[in-house]
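# Results of the structural survey
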Amino acid sequence: MAAIFSFALPNQATVDSTKHPEWTTPIAPFRIADNLYYVGSRDLASYLVVTPDGDILINSSLESSPALIKNSVEQLGFHFADIKILLISHAHSDHNAGSAEVKRLTGAKYMVMDGDVPSVESGGAKDFGYPNDHYPAVKVDRTLHDGDEVRLGGTVLVAHKTPGHTRGCTTWTMRAMDHGKPLNVVIVGSWNVNPEFRLVDKPGRPASYPGIVADYRKTFVVLNGLPCDVFLGAHGAYFGMLQKLDRIKAGAKENVWIDPAGYRAAVAERQKAFEAELKREETDIR
């Protein structure tokens, strides 16, 4: 299984993407399964779900990313203007700063999990971790709640609230077909405790927000309970995307995106990392 990395944003007015060239480096778009396609960069994952009634885009990425995403969509033979619904994994600027531009270009309805709506509509100012990392504020068209369904053209995506990384971090699931076989697709929102976050109260430095530990624990309960065949996430590194693409280039006969074992191992590793960080912080205040 590929290594799983923790991504942190600098606490500044804008994200310096030059520190993460893989965030802005194009990669050839590709089909994952059925009507689900990858249209992101080498690491910032964006997904296109194509339906007869229009398309769904998951993650607008950086403020500069819509042009890259649009080019990827068109390389696949689809039309960017056909995007009717815009979703995100969570309200950090590497996943949602491009939303205003996507809405301007497509008129898509922006649907965001309840806990992330204040961050989105304040342009990041109400984010607990990065209140100085600003991006264009966008009005949310539909506030989502845990378990809500997003339906378009016969495709159903389910929004699972997996909070902690942000208050409204969202893991998306859907069903896809591959050679007549139904597959459970899981797109992990995030499971990381970033270096800027605080899990427990410490004199002079309270927890990032009340209930953050309970939120992370809820997230791992949810993730452990999801059936998964196709393992995806908000960053390509979450699911070893580049390594799997290399396997395809090398002639892999199996569908490399079907990786339930990799998913279970990744969730277990991230849960262990969370518990280790929690123990470290608890020990630090004694």
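Treat the numbers as computed from the prediction; the structure is a model and nothing was measured.

## What about unusual backbone geometry?
Look at Asp34: it is not a glycine, yet its phi comes out positive at around 55 degrees. Along the chain, Asp34 turns up in the loop between β1 (30–33) and β2 (36–38). With relative accessibility at 30%, the residue Asp34 sits in the partly exposed group. With a phi close to 55 degrees, His179 is a non-glycine residue in the positive phi region. Turning to its location among the elements, His179 is positioned in the loop between β10 (170–178) and β11 (181–188).

## Re the confidence of the model for the protein
When pLDDT is averaged across the protein, the result is 93; 93% of the residues are at 70 or more. Under a pLDDT of 50 for its full length, residues 1–14 has, in the predicted model, 56 contacts with residues more than four places off or in other chains.

## Observations concerning the nonpolar core
One finds Ile32 and Tyr47 to be the most contacted residues of the largest nonpolar core, which totals 60 residues. Looking at which element gives the most residues to this core, the answer is helix α5 (residues 212–225), with six residues. Not counting chain neighbours up to four residues away, the residues in contact with Ile32 comprise Tyr37, Tyr38, Tyr47, Val230, Leu232, Asn255 and Trp257. Formed by 22 residues, the second largest nonpolar core is a distinct cluster that contains Val73, Ile83, Ala108 and Val120.

## What to know about the environment of Asp116
Summarising the element assignment, Asp116 is placed in the loop between β6 (109–113) and α4 (117–121). Residues Asp116 and Pro131, spaced 15 residues apart in sequence, show a C-alpha to C-alpha distance of 13 Å. Those residues in contact with Asp116 that sit more than four places away from it in its chain are His90, Ala91, Thr166, Arg167, Gly168 and Cys169. A distance of 2.9 Å separates a polar side-chain atom of Asp116 from the backbone nitrogen of Gly168.

## Points about the sheet that holds β1
One key point about sheets: their strands pair by backbone hydrogen bonds, in either a parallel or an antiparallel sense. The seven strands lie next to each other as β1-β2-β3-β4-β5-β6-β7, forming an open sheet whose pairing is mixed. Edge positions in the open sheet fall to β1 and β7 (142–144), since each of these has one partner strand only. Each strand axis lies, on average, 25 degrees off the axis of its neighbour in the sheet, ignoring direction. Here strand β4 (residues 54–58) runs beside strand β5 (residues 83–87); their pairing, made up of four bridges, is parallel. Bridged to Ile56 within β5 is Ile85.

## Digging into the pairing of strand β12 (residues 230–233)
What you see with β12 is no split at all: Val230 and Leu232 on one side and Phe231 and Gly233 on the other are buried throughout. Examined bridge by bridge, β11 and β12 share four bridges and lie parallel to one another. When the sheet's bridge partners are listed, Val185 is paired in β12 with Val230. Between β11 and its parallel partner β12, the chain crosses via α5, and the hand of that crossover is right-handed.

## Observations regarding the packing of α5 against helix α7 (residues 260–284)
Running from N to C, α5 and α7 point in directions that differ by 165 degrees, and their axes come no closer than 10 Å. Taken together, the axes of α5 and α7 lie roughly antiparallel to each other. The handedness of the crossing between α5 and α7 is left-handed. Contacts from Val213, Tyr216, Arg217, Phe220, Leu223 and Asn224 in α5 reach Tyr263, Arg264, Val267, Arg270, Gln271, Phe274, Glu275 and Leu278 in α7. Taken together, the residues of the contact of α5 with α7 break down into eight nonpolar, two polar and four charged.

About the thresholds
Residues numbered from 1 in each chain as written. Predicted model: local features only at pLDDT ≥ 70, side-chain atom pairs only at ≥ 80, totals over all residues. Heavy atoms only, no water. Helix = DSSP H or I, 4+ residues; strand = E, 2+ residues; numbered from the N terminus. Buried < 20%, exposed > 50% of the residue type's maximum accessible area, 1.4 Å probe, protein only. pLDDT = per-residue confidence, 0-100. Contact = heavy atoms within 4.5 Å. Core = buried A, V, L, I, M, F, W, Y, C linked by side-chain atoms within 4.5 Å. Polar contact = N/O pair within 3.5 Å; in protein donor to acceptor, adjacent residues only side chain to side chain. Pairing = 2+ DSSP bridges. Axes fitted to C-alpha atoms, helices over the stretch in contact; angles between N-to-C directions. Right-handed = clockwise from strand over helix to strand, strands pointing away. Parallel < 35°, antiparallel > 145°, perpendicular 65-115°, else oblique. Left-handed = near helix turned anticlockwise from the far one by under 90°. Nonpolar A, V, L, I, M, F, W, Y, C, P; charged D, E, K, R; others polar.

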